[in-house]
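Listed below are the residues making up each chain.
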Amino acid sequence: MKQTPALSRALAVLPSVSDLRSMGRAPRRDLLCGLTVAVVALPLALGFGVTSGLGAASGLVTAIVAGALAALFGGSARQVSGPTGAMTVVLVPIVHRYGADGVLTVGLIAGALLLVLAFARAGAAMAYVPAPVIAGFTLGIACVIALQQMPSALGVPVPHGEQVAAVALRAAEEFGRSPRWPALALSLGAAAVMLAGARWKPGLPFSLVAVAAATLAAEGLGLHVTRIGSLPSSLPAPSLAFFDPARVPSLLAPAAAVAALAALESLLSASVADGMRPGERHDPGKELFGQGVANLAAPLFGGVPATGAIARTAVNVRTGAVSRLAALAHAVILAGIVAAAAPLVARIPLAALAGVLLATAVRMVETDAVRAMARATRGDALVLTLTACATLGLDLVRAVLLGLAVSVLLALRAAVRGSRLTPAAADEAPGCANVTYRFDGPLLFAAAHRFRAGLAELHGVTAVDLRMSGLTAVDATGALALKDAVGDLRDRGIEVRITGVERGHRHVLESVGVLPAGVQPSSNRGAIPSVTGVPAP
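Only a predicted model underlies this, so the values are computations on that prediction, with no experimental measurement involved.

Draft legend 1. Structural context of the overall build of the chain. Broken down by element type, the chain carries 21 helices and six strands. Expressed as lengths along the three principal axes of its C-alpha atoms, the size of the chain is roughly 95 × 65 × 50 Å. Long-range pairs, those at least 24 residues apart, make up 81% of the contacts in the chain between residues at least 6 apart in sequence. Of the roughly 23900 Å² of accessible surface on the chain, a fraction of 64% belongs to carbon and sulfur atoms.

Draft legend 2. Representation of the nonpolar core within the structure. Membership of the largest hydrophobic core comes to 81 residues, with the highest contact counts inside it found for Leu46, Ile228, Val258 and Leu396. By residue number, the principal contributor to this core is helix α5 (residues 85-119), which donates 14 residues. Not counting residues within four places of it along the chain, the set of residues in contact with Ile228 comprises Leu46, Ala56, Val345, Ala346, Ile348, Leu350 and Leu353.

Draft legend 3. Highlighting the sheet that holds strand β6 (residues 495-499). Read from one edge to the other, the open sheet built from four strands follows the order β3-β4-β5-β6, with strand pairing classed as mixed. Among the strands making up the open sheet, the edge pair consists of β3 (420-423) and β6. Neighbour-to-neighbour, the strand axes of the sheet open up by a mean angle of 25°, direction not taken into account. As paired strands, β3 and strand β4 (residues 434-443) are joined by four bridges and run antiparallel to one another. Its bridge partner lying in β4, Leu421 is registered against Phe439. Against the sheet, helix α20 (residues 476-491) touches β4, β5 (463-474) and β6, its axis set at about 150° to β6.

Draft legend 4. How the structure looks around the packing of helix α4 (residues 56-73) against helix α14 (residues 325-345). The contact between α4 and α14 brings their axes to 8 Å, and the two run at 155°. As summarised for this structure, α4 and α14 are arranged roughly antiparallel, according to the angle between their axes. Crossing hand, α4 versus α14: left-handed. Along its contact with α4, which presents Leu60, Ala63, Ile64, Gly67, Ala68, Ala71 and Leu72, the element α14 presents Ala327, Leu328, His330, Ala331, Leu334, Ala335 and Val338. Class assignment of the residues belonging to the contact of α4 with α14 gives a composition of 12 nonpolar, two polar and no charged.

Draft legend 5. Local environment of the layout of surface pockets. Volume-wise, the largest pocket comes out at about 1200 Å³. Residue lining of the largest pocket: 45 residues in total, with Ile310, Ala311, Arg363, Met364 and Glu366 positioned closest to the centre.

Draft legend 6. Structural view of α14. In this model α14 runs just 26 Å from its N-terminal to its C-terminal C-alpha over 21 residues, more than 12% under the 30 Å that 1.5 Å per residue would give. Remark: the principal bend of α14, roughly 60°, maps to Ala339, with a proline, Pro343, within the next four residues. When α14 is considered as a whole, its buried residues turn out to be Leu325, Ala326, Ala327, Leu328, Ala329, His330, Ala331, Leu334, Val338, Ala341, Ala342 and Val345. For α14, the elements touching its buried residues are α3 (27-52), α4, β1 (81-82) and α13 (310-318).

Draft legend 7. Spatial organisation of a nonpolar patch on the surface. A surface patch of nonpolar side chains, about 210 Å² in accessible area, is lined by Leu382, Leu386 and Leu402. With relative accessibility at 33%, the residue Leu402 sits in the partly exposed group.

Draft legend 8. Structural detail: the packing of aromatic side chains. Applying the stated criterion to the full structure yields four aromatic pairs. Taking 6.1 Å as the distance between ring centres and 65° as the angle between the ring planes, the aromatic pair formed by Phe73 and Phe289 counts as edge-to-face. Taken together, the positions of Phe73 in helix α4 and Phe289 in helix α12 (residues 284-297) put the pair 216 residues apart, joining distant regions of the chain. When its relative accessible area of 26% is taken as the criterion, Phe73 is described as partly exposed. What makes Phe289 buried here is its relative accessible area of 8%. Between the aromatic rings of Phe175 and Trp181, the centroid separation amounts to 5.2 Å while the plane-to-plane angle is 85°, which identifies the pairing as edge-to-face. Assessed through its relative accessible area of 10%, Phe175 is described here as buried. In this structure an aromatic cluster arises from ring pairing among Phe73, Phe119 and Phe289.

Draft legend 9. Fine view of the side chain of Asp30. By the element assignment, Asp30 lies in helix α3. Buried within the structure, Asp30 lacks any salt-bridge partner; its nearest side chain of opposite charge belongs to Arg29, at an N-O separation of 6.4 Å. A distance of 2.7 Å separates a polar side-chain atom of Asp30 from the backbone nitrogen of Val322. Setting aside residues no more than four positions away along its own chain, Asp30 makes contact with Ala321, Val322, Ser323, Leu325 and Ala326.

What counts, and where the lines are drawn
- Residues numbered from 1 in each chain as written.
- Predicted model: local features only at pLDDT ≥ 70, side-chain atom pairs only at ≥ 80, totals over all residues.
- Heavy atoms only, no water.
- Helix = DSSP H or I, 4+ residues; strand = E, 2+ residues; numbered from the N terminus.
- Contact = heavy atoms within 4.5 Å.
- Areas by Shrake-Rupley, 256 points an atom, 1.4 Å probe, with all protein chains shown as cover.
- Core = buried A, V, L, I, M, F, W, Y, C linked by side-chain atoms within 4.5 Å.
- Buried < 20%, exposed > 50% of the residue type's maximum accessible area, 1.4 Å probe, protein only.
- Pairing = 2+ DSSP bridges.
- Axes fitted to C-alpha atoms, helices over the stretch in contact; angles between N-to-C directions.
- Parallel < 35°, antiparallel > 145°, perpendicular 65-115°, else oblique.
- Left-handed = near helix turned anticlockwise from the far one by under 90°.
- Nonpolar A, V, L, I, M, F, W, Y, C, P; charged D, E, K, R; others polar.
- 1 Å grid on protein atoms, 1.4 Å probe; cavity = no way out; pocket = protein on both sides within 12 Å on 5 of 7 lines; lining within 4 Å.
- Points joined across faces, edges and corners; volume = space filled by probe spheres on them.
- Expected span 1.5 Å × (residues − 1).
- Bend = angle between axes of the 7 residues up to and from the residue.
- Patch = residues over 30% accessible without salt bridge, like charges linked within 9 Å, V, L, I, M, F, W, Y side chains within 5 Å.
- Salt bridge = Lys/Arg side-chain N within 4 Å of Asp/Glu carboxyl O.
- Phe/Tyr/Trp six-rings, centres within 6.5 Å; stacked < 30°, edge-to-face > 60°.
- Lys, Arg positive; Asp, Glu negative; His and termini not counted.
- Polar contact = N/O pair within 3.5 Å; in protein donor to acceptor, adjacent residues only side chain to side chain.

Listed below in C-alpha cells is the structure:
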C-alpha cells in the first residue's frame, strides 16, 4: 500500500523494530546501569516533587510513569526522563494560580502539544538555539532551584508567593526570628556530602548516601524536623477526575510554556548524551513524541510534567548504558523501591532533600563554559547575562525568547557589518566613465539603507556594472533598496548593468522588478573600467 506523506510522517516518530531489538544487546549491563540511575533518581524525584508543590509522591509517580514511557517511545537510546528542576520553576506559579488539578490539566495539554510538535518536525529547531542562551538559561535555572530550597533548608513553612527571590527572603526572615538549626545542619551536611563525593568519586550515587546519612542522624538524635510523610506503596489507578474542559482555554498559555520547556530541555539533554558518546545521534521527532506520550500519561496517575533529565542521563551514559532498556529499568526499579520501602522513604527529612537539590543546582553550572562564553565577545556575554537574569526575574520561556531575540539582533548587526560594496579593481583611474563595483555579503533589510547610500555617492560616471556574485542572501527590503538605487542612477542618466546573480537569488530580484523575469543577467566577462575612491557603505 502506498504511504501518504501524513502517514509517513506519523510512522517516522513511532518506535521502530530495531529500537526494540536493541534492548536485547546487553541486558545485564543495562539492568545494572538502570539500578545506578534509579539510586541517583530517587532523592531527586522526591525533592522535585516537593518543590513543585504537588508532593514527593507526585515526583515519584512522574519518574516511574514518564520515565518508562519516554524510554520506550523517545528518540534517544540513553535519555532518562522524569521531574526536573527546570520544570519545577515553571510549575510553582501554576500551582499557586490554578491548584493541583490545574497542574495536572496543564501536563495533559502539554503532552498533546508535544505530539503536535513531533508530527510537525519541530525538533530540528533546537539546532538554532545559540550556546550563550542555553548557558544563561541553565545558570538562571540553577539560581532559581537554589532559592526554592531555602524554606526547606531552613526548616520554616513555605511563605506564600510566586517570586522565588521574595519567598526565599521571607523564609530567611522567619528563620532569623525563630532559628531551626537541626534542619539547616542536615541541609548543609547533605549538600557537603554530595559536593565532596562528586569530586572524590563522580560515578558513585552520593545523593542517596547524603539522604540516608541525614535520615539516620535525624532518627538517632531525635531531631524535630519536617519529613516527607506517608507515601503510597503502589501507583494509583489512572483517573481523569481532575480534568475540567471549561478550564482548558485559561490553561493553554501555561501549557504552551510547559511544552516549550519540555521540548527544549529534552532535546538539549539528548544532545548532551550524543556528545558523551561520539557517533550516537538522537531522533528529535521521536524524542518529542516520547515526551508527549509521557506527559499525556503522567497526569493520569497524579504526576507532574516531565522532561529529559540531563544529570540522570549523564549518569546513564557514564555507567555504560547500551540501549533504552537501562532507562526503562530505572523506572521499574524505582517502582520496586517504593513498593518495598515506602515507610522508610517517608521518614526522609525535607531538609536533606533540600541539601541534595542545593548541591544539584551548584553542579548544574559549568563554570568553565560560562567563563569562556562571557570572555568570548561582548555580545555573547550580554546574551548569557540577559537570559540568566530573565530566567530569575521572569520565566523560562520568556527568558529563552529574550535571549533568542537579542542573539538575532546581534547576528543581524554582524551581517550588516559584513556587507561590502567595493570597487572591483584596485588600480582604477579617477575620471573613468564606466565603473565596476562588487557587492559581497547579505543584502538584508538591516543593510539596505547603507547599500543605497553607497551607490548614491557615485558622480561623474556614465555606466555602472554591479557584480553580485558575492551576494549571500537577499530579502524583499534589500531587493527594493537595490531597485531604488538603480532607479536613482538611471534617472541621473547612468546606465546600470547587474551581473553575476546566482539562480537562488534571482526570484527575489525578479519579483520586485530589478531583473526582468525569465531573462538571464549579463555575464561578468570582459574588462570594465572602474573608479577608485568611491565611498563604500
